[in-house]
Amino acid sequence: MIEYYSTDISETLKSLGTSGKGLTENEARQRLEKYGINEIEKRKRVTPLQIFVRQFTSFIVIILLAAIVISLLIGERLDATVIAVILILNGIFGFIQEYKAEKAIEALRRLTALKAKVIRDRKEMEIDSRELVPGDIILLETGSKVPADARLIEVVALQVDESSLTGESVPSTKVTEPLKHGTEVTDQENMVFMGTIVTKGRAKAVLINTGMNTEIGKIAEMIQDVKEKLTPLQEKLKQFGKWLGFLTIGICAVVFGVGVLREYLVKGVVESVFVSEMFLAAVALSVAAIPEGLPAIVTISLALGVRRMVKRSALLRQLPAVETLGCTNVICSDKTGTLTKNEMTVREIYIYNTLIKVTGEGYAPEGRFVLSEGRSSYKPETLETLNIKETPIFTRGNENANLSHSSQPIPLPCEYKEDPKALNHTEDPSQFSGFGGLMLLLSIGALCNDSRLFRNDKWEIFGDPTEGALLVSAGKAGLKKDGLEERFRRIGEIPFDSERKCMTTIHTVEGGYLACVKGAQDIILDRCKYIFVNGMAAGLTEEDRTRILKVNHDMADKALRVLGFAYKSLEEGSPTTPEEIEKDLTFVGLQAMIDPPREGVKEAIEKCKTAGIKTVLITGDHKSTAVAVARELGIFKEGDMALSGTEMDELSDEELSRAADDVVIYARVSPEHKVRILTSLKSKGHIVAMTGDGVNDAPALKKSDIGVAMGITGTDVAKEASDMVLTDDNFASIVNAVEEGRGIYNSIKQFIQYTLSSNLGEIVVIFMAILIGWPLPLIAIQILWVNLLTDGLPGLALGMDPFSKDIMKRPPRKREENIICKEVIQNILIVGTVMGIGTLFMFYSYGIETLKAKSIAFTTLIMFQLFNVLTYRAKNFRIDIKNSKYLIGSVIISLLMQIAVLYTPLNIAFKTVPIGLCDWIKIILVSFSLYIILESRKVLINHFAAKKQTF
């Protein structure tokens, strides 16, 4: 553990053997070996041996072990051996599945590990926070979760929520040097600690301690993982299993009692061999009939299903979310980056009365600036390459307009000659009267910016894609962020937040300071008093405002995202509050960028409609932009409503709730609006999935039924408040997750229905035979064999094969619907009854006293169950072979194993005899009747459901 006492950052860096430029990868690797991974030690993991032993600790298995002992005591060694072998096979099967589930869940834990921005080899990169070591230089920003204890090197308006450590609800203000209070120096003020949250600002820090050596690591025992909670479905099934277990044991006790009593009444004496046989049969029946493995099977299905979701870019952080996904009927999605690519490219620029088109694709700073021929009007269809001689700029001086305010010179030079060829000028750029305004606009976009543009194999952005687009547009004019920052050093900033909807940076310029401001166009314009015209700041008139708003509206109608840019000159002693700095600004212009829809999103939205799921678009953009994008994606159609944040503010909660079903677009919204939107939708009974990425989105994510955080652009706070993280930030991944959620739930439901219906068939066969007075159709080891063959591989295959393709053509499941619903109960009763009657019929047909009759009943019961499981992959009597490979394979294996029991020396142990071809034909015809009955029932149910189904 590294102790830190010094207030001198240079001493700290020296003691850690690092610098402000970060460690090398080689140094980091060596330190990782020395200090270990950066994580809090969890409770002791369950070992494979413990998992295996756990397979033999249930109450029913203990009874079966007792049965083995009793069999040995009465001399039935073969029976005891066979039961023991079957028990071990069941244990191995259970171990394999549970071990796989543990591994899958552990893999998910690793996937949910937080990322950290770090400087290594002098490059900014993002790595798994577990790989951080003392001496690493990390970068923190609003929404980051501090990955380890660190000493601050640089801060900008940094505030940290330390309530997880101190219990204080008010965020702590952080500085690079400790503040003095009287005679004391408070070391905590220049430190940030593992597990705390950055609520405002940004910082650079050097890691002091990691893992268990952090402050939170010292109290690790207090935050150890408690026993993992079961999902609501698991809890219900656990209780159901207990209830069914008691009922089954009761029935088996009655079976045993009635059997012994009937033997006594018929023969006047009960032999010990008969008692032993009845006891083993009753125990075997209870083992086969009690679905004690249901909660484990649910866990396995959930874990394997969640792993499939990861492959489809949806990472579930909470298993219960799987159950909720199947009920979701409204998806509220952010526009930028979720419905669109979040690969911004500036397409149009507006400076005073001039529209300029920008060419080029992606993040490569290569392209041209093309001028609109129109002057006071906006005519994008008539364009030509910017040429000074052919198309002179239309300036305010040409209008002879009356300036309502005195001119204000701008201290930032307007004319840069770093790379004038980038503008495709054929003449000296200074001859172009609008050139200074364009360069000023691009410079503000690059300076008021926290992202980085760099090139490896291709041009890439490190940071926010919107800011990246501004760097690219500046780069096309030959302006580089590093060069500008070196010339105009940043000395302060007011970070962006969702309330102000803007960001400001303060820079040194000749003769004073300059505030560069960018943000939502309407917000910027409202704060402006001047407008930049021909190298000067002139008074902003209503005519100017109207023209700018018209241009903005036209841009938004074409689905362009528009940002406004402004500046303000500051002097020594000027007010430094955000309110004072961000008022009376000078408007410079607009940059409008295209964010094309993601591939596959339109199809995903159409799939939602088919599945009975409504898509709602939520954005901070202008309503016109939102409507244009929504119309293109198929979200918005004539008659639908779109509300802005301002319009929402004018509605009461009751009015908003009444309108909720008709509104498909919410524009210009804040995180607080999101909460109101959720409340209104949930009040109508909807199950809502809500996306979010910012710190202030956390309340909405928590309030939603399914909180969906962005894995790429999302903050740590948003991710931790969510139920699901999209690793690709793609709307289509939400739909994929809903589809997988429905599939997982359906697979679990099918397994439960199949298991319980098959178990009921076994109970009916044994119970009815005893009541009638027949010999037992199946002995104990045969019952256990049936259970192993039919509940084992076929049951598991139900969760492994792809689910039905029409699963997204069904309406959402109602949340209050029980998994063991009326339809499931009806199916269980039908299957159990048909299976019991058919098996007893075959048993009777071959004479109830012979070994062949028992072999026929034994095989018939297995075939009934195999035909039963095939119905879960059939539609209109046809099995989907392509998507049922595991199931068909498991059925074939089960059938081959049964053939081995009939035709190999194993028949001695199982007390069976070979059966002929005609016998097989009869068995198949009788057992196939169940397939016909169940498929006919499905056809009738679907027929009547189609008439009632409405969306």
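Below is a summary of the structure that appears in this document. (Residues numbered from 1 in each chain as written. Predicted model: local features only at pLDDT ≥ 70, side-chain atom pairs only at ≥ 80, totals over all residues. Heavy atoms only, no water.)

What to know about the overall build of the chain
Summing up its helical and strand segments, the chain has 34 helices and 33 strands in all. Looking at the chain alone, contacts between residues at least 24 apart form 72% of all its contacts between residues at least 6 apart. If you sum the accessible surface of the chain, you get close to 41900 Å²; carbon and sulfur atoms cover 56% of it. (Helix = DSSP H or I, 4+ residues; strand = E, 2+ residues; numbered from the N terminus. Contact = heavy atoms within 4.5 Å. Areas by Shrake-Rupley, 256 points an atom, 1.4 Å probe, with all protein chains shown as cover.)

Quick look at the packing of helix α18 (residues 542-557) against helix α21 (residues 623-633)
Axis separation between α18 and α21 bottoms out at 7 Å; the angle between their running directions is 15 degrees. One finds that α18 runs roughly parallel with respect to α21. Handedness of the crossing formed by α18 with α21: right-handed. Where α18 approaches α21, its residues H553, A556 and D557 are matched on the opposing element by S624, T625 and A628. (Axes fitted to C-alpha atoms, helices over the stretch in contact; angles between N-to-C directions. Parallel < 35°, antiparallel > 145°, perpendicular 65-115°, else oblique. Left-handed = near helix turned anticlockwise from the far one by under 90°.)

As for the packing of aromatic side chains
Following the criterion strictly, the structure yields seven aromatic pairs and no others. With a centroid separation of 6.3 Å and 75 degrees between ring planes, the pair formed by F532 and Y567 is classed as edge-to-face. One end of the pair, F532, is in strand β22 (residues 528-533); the other, Y567, is in strand β24 (residues 560-570), and 35 residues separate them in sequence. Summarising the burial analysis for this pair, F532 and Y567 share the class buried. Seen in terms of ring centroids, F928 and Y931 are 5.2 Å apart; in terms of plane orientation they differ by 15 degrees. Their pairing is stacked. Residue F928 and its partner Y931 are located together in helix α34 (residues 917-948), separated by three residues, close to a single helical turn. Judged by relative accessible area, which is 33%, F928 ranks as partly exposed. In this structure Y931 comes out as buried when scored by relative accessible area, which is 4%. An aromatic cluster of three or more residues is present, and its members are W774, F843 and Y844. (Phe/Tyr/Trp six-rings, centres within 6.5 Å; stacked < 30°, edge-to-face > 60°. Buried < 20%, exposed > 50% of the residue type's maximum accessible area, 1.4 Å probe, protein only.)

Observations regarding the side chain of D595
Looking at where D595 falls in the secondary structure, it is placed in the loop between β25 (585-594) and α20 (601-610). With no salt bridge to any partner, buried D595 finds its closest opposite charge in K335, at an N-O distance of 4.9 Å. A polar atom in the side chain of D595 sits 2.4 Å from the side chain of T340. Beyond its immediate sequence surroundings of up to four residues, D595 is in contact with T336, G337, T340, K341, N342, E343 and M344. (Lys, Arg positive; Asp, Glu negative; His and termini not counted. Salt bridge = Lys/Arg side-chain N within 4 Å of Asp/Glu carboxyl O. Polar contact = N/O pair within 3.5 Å; in protein donor to acceptor, adjacent residues only side chain to side chain.)

What about the sheet that holds strand β28 (residues 663-667)?
An order of β10-β31-β30-β29-β11-β26-β28-β27 is seen for the eight strands of this open sheet, with the pairing classed as mixed. The open sheet has two edge strands with one neighbour each: β10 (314-316) and β27 (641-644). The sheet shows a mean angle of 20 degrees between the axes of neighbouring strands, direction not considered. Pairing between β27 and β28: four bridges, direction parallel. Looking across to β28, one finds that S644 is bridged to A667. (Pairing = 2+ DSSP bridges.)

Considering the pattern of salt bridges
If you walk through the whole model with that rule in mind, you get 41 salt bridges. Across the pair E485 and R452 runs a salt bridge whose closest N-O atoms are separated by 3.4 Å. Taken as a pair, E485 in helix α16 (residues 481-487) and R452 in strand β17 (residues 452-455) lie far apart in primary sequence, 33 residues in all. Residue E543 pairs with R547 through a salt bridge whose shortest N-O separation is 3.3 Å. A residue pair is termed a helical-turn pair when its members lie 3 or 4 positions apart in one helix, as E543 and R547 do in helix α18 at four residues. Its relative accessible area of 51% is what places E543 among the exposed residues. What emerges from the salt-bridge pattern is a single network uniting R308, R312, K607, E739 and E740.

Thoughts on the nonpolar core
L778, W785 and F910 are the most contacted members of the largest nonpolar core, which has 67 residues in total. The element that contributes the greatest number of residues to this core is helix α31 (residues 851-870), accounting for twelve residues. Non-local contacts of F910, meaning those with residues more than four positions away in its chain, are made with V82, I86, I779, I781, Q782, W785 and V901. Core analysis: the next-biggest nonpolar cluster, separate from the first, contains 59 residues, A628, I635, M808 and I820 among them. (Core = buried A, V, L, I, M, F, W, Y, C linked by side-chain atoms within 4.5 Å.)

Some words on a nonpolar patch on the surface
Taken together, the side chains of V85, I88, L89, I92 and I96 make up a nonpolar region of the molecular surface, amounting to roughly 380 Å² of accessible area. Structurally, the position occupied by I96 is in helix α5 (residues 77-111). (Patch = residues over 30% accessible without salt bridge, like charges linked within 9 Å, V, L, I, M, F, W, Y side chains within 5 Å.)

Considerations on helix α30 (residues 822-845)
Spanning 24 residues, α30 covers 34 Å between terminal C-alpha atoms, matching the ideal 34 Å at 1.5 Å per step. Phi turns positive one or two residues past the end of α30, at G847, with a value near 85 degrees. (Expected span 1.5 Å × (residues − 1).)

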